[in-house]
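Report on the structure
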Amino acid sequence: MSCSPFDLKDYFLKELPDAGRQPVEDHLRTCPACREELDRLRLTEAALFALRDEEVPQRIGFVSDEVFEPAPWRRWWGAFWGSAARLGFASAAMLSIAILVHAFVRPAPLAPLVSSPVATAASISPVEVQNLIQAAVSRSVKESEARQEEKTQKLVADSLYREEQERIMRVRAEDLNRYLERSDGARKVAAYRTTAETRLLP
Amino acid sequence: MIFRAVEDADLIRHAARGAVEAYNLLVSRWEKRVYNYLLRLTSNREDALDLAQDVFLKAYQNLRKLEDPGRFGPWLYRIAHNEAYSMFRRRRPETDVDELEPEGVGGGITVGGSSVFPIELSLAVSAALTRLSPEQREAVVLKVYQGFKFDEMAEILSCPVSTVKSRLYTALELLKVELAPIGTRGVS
């Protein structure tokens, strides 16, 4: 192999295949220059690791967090009506209550059977929950982008305002300079220039 | 590492089918790495946190588009890279992408917590990183701090492997010069 630093860097960065590492190691045993270069790379890497990873200052919001999820009662409602067993039990209970009430209120004549009011409330399926979450996530992303946009526009507007102010100051200074040069001569011009330059300094 | 990769792939499959809890677990696993990557790109904690939040939301939205769950890492970092550069562009729309610099350049990232390394070394490293071009700095962050392979870096940065290697090697040469005496002092 050659003394190409590219081979050595690939070796150092563990990007060489196993078959390619052995020739580099053999070469390192006989080449002091490459050994020194490898030591320098290792020192650089050790120095870079002085900059440690930081902990996330605040937990990243989960998509299941309250802000993205349907309200708890809607989840309960959806889960309740999503279960066939519960639905059957509820229907049977309602039918029983209806029969009992009917028996006590109108005991004499045999009334025609009233069909039980089977619940028809719309249940929320997992797909719908998923869609709700997707919609909330999309809304949140849009809001975040809008916030960023607003921040950017404010920064740009501030910058333009500052530039405009500086330009006005410069124009006024130039006008005054011309006026003073015409009217009071070199002494006054020199005195004003000193003052104006001091003012224009950031 | 292999087990971890398999578990991630399983979580991704479940999350893609709508298992929110599986996705939450993925976020817990990746949030610190993604946050630190963005922190080193932006040099600003608030921006890094906002961007990290957006990255995980966008990843959730697009999880079904991820064809190979084994490439989740590079795919997630690609989103993070795009989000960071979109922010840079929004803040300075007139600047060419190649000239984009993160905020706070020159000041560096302050390092919190106790460390086995002297604080001056951390600050010197931070300053040396900010002296690199944004592309060189990102290559160093992805390789040295995040441990990606060249092909994964090429996927994240959307450029050829040869470009990735060129940026990284140039950055290492510069850092070697910048940090050589400090490295010797810090390690010995």
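Residues numbered from 1 in each chain as written. Chains lettered and ligands numbered in written order. Predicted model: local features only at pLDDT ≥ 70, side-chain atom pairs only at ≥ 80, totals over all residues. Heavy atoms only, no water.

**Describing the environment of Glu-178 of chain B**
Residue and element names in this part refer to chain B.
- Here Glu-178 shows up in helix H8 (residues 161-187).
- Along the primary structure Glu-178 and Ala-127 are separated by 51 residues, whereas in three dimensions their C-alpha atoms are 9.5 Å apart.
- Sequence-distant contacts of Glu-178, that is, excluding residues within four places in its chain, are made with Ala-128 and Arg-131.
- Within the structure, Glu-178 has its side chain in polar contact with the side chain of Arg-131 (distance 2.9 Å). (Helix = DSSP H or I, 4+ residues; strand = E, 2+ residues; numbered from the N terminus. Contact = heavy atoms within 4.5 Å. Polar contact = N/O pair within 3.5 Å; in protein donor to acceptor, adjacent residues only side chain to side chain.)

**Examining the interface of chain B and chain A**
- Across the contact, 60 residues belong to chain B and 46 residues belong to chain A.
- Between chain B and chain A, the buried area comes to about 5000 Å², and carbon and sulfur atoms account for 61% of it.
- The interface formed by chain B and chain A includes 8 salt bridges.
- Ionic pairing is found between Glu-37 of chain A and Lys-176 of chain B, a salt bridge with its closest N-O pair at 2.6 Å.
- Seen at the junction of chain B and chain A, the total is 20 residue pairs in polar contact (both at pLDDT 80 or more).
- Sorting the residues of the side of chain B that touches chain A by element identifies helix H2 (20-42), helix H3 (45-61), helix H4 (72-91), helix H5 (119-130), helix H6 (134-145) and H8 of chain B as the ones contributing at least two each.
- Grouping the amino acids of the side of chain B that touches chain A by side-chain chemistry returns 28 nonpolar, 15 polar and 17 charged. (Buried area = accessible area lost by both parts, 1.4 Å probe. Salt bridge = Lys/Arg side-chain N within 4 Å of Asp/Glu carboxyl O. Nonpolar A, V, L, I, M, F, W, Y, C, P; charged D, E, K, R; others polar.)

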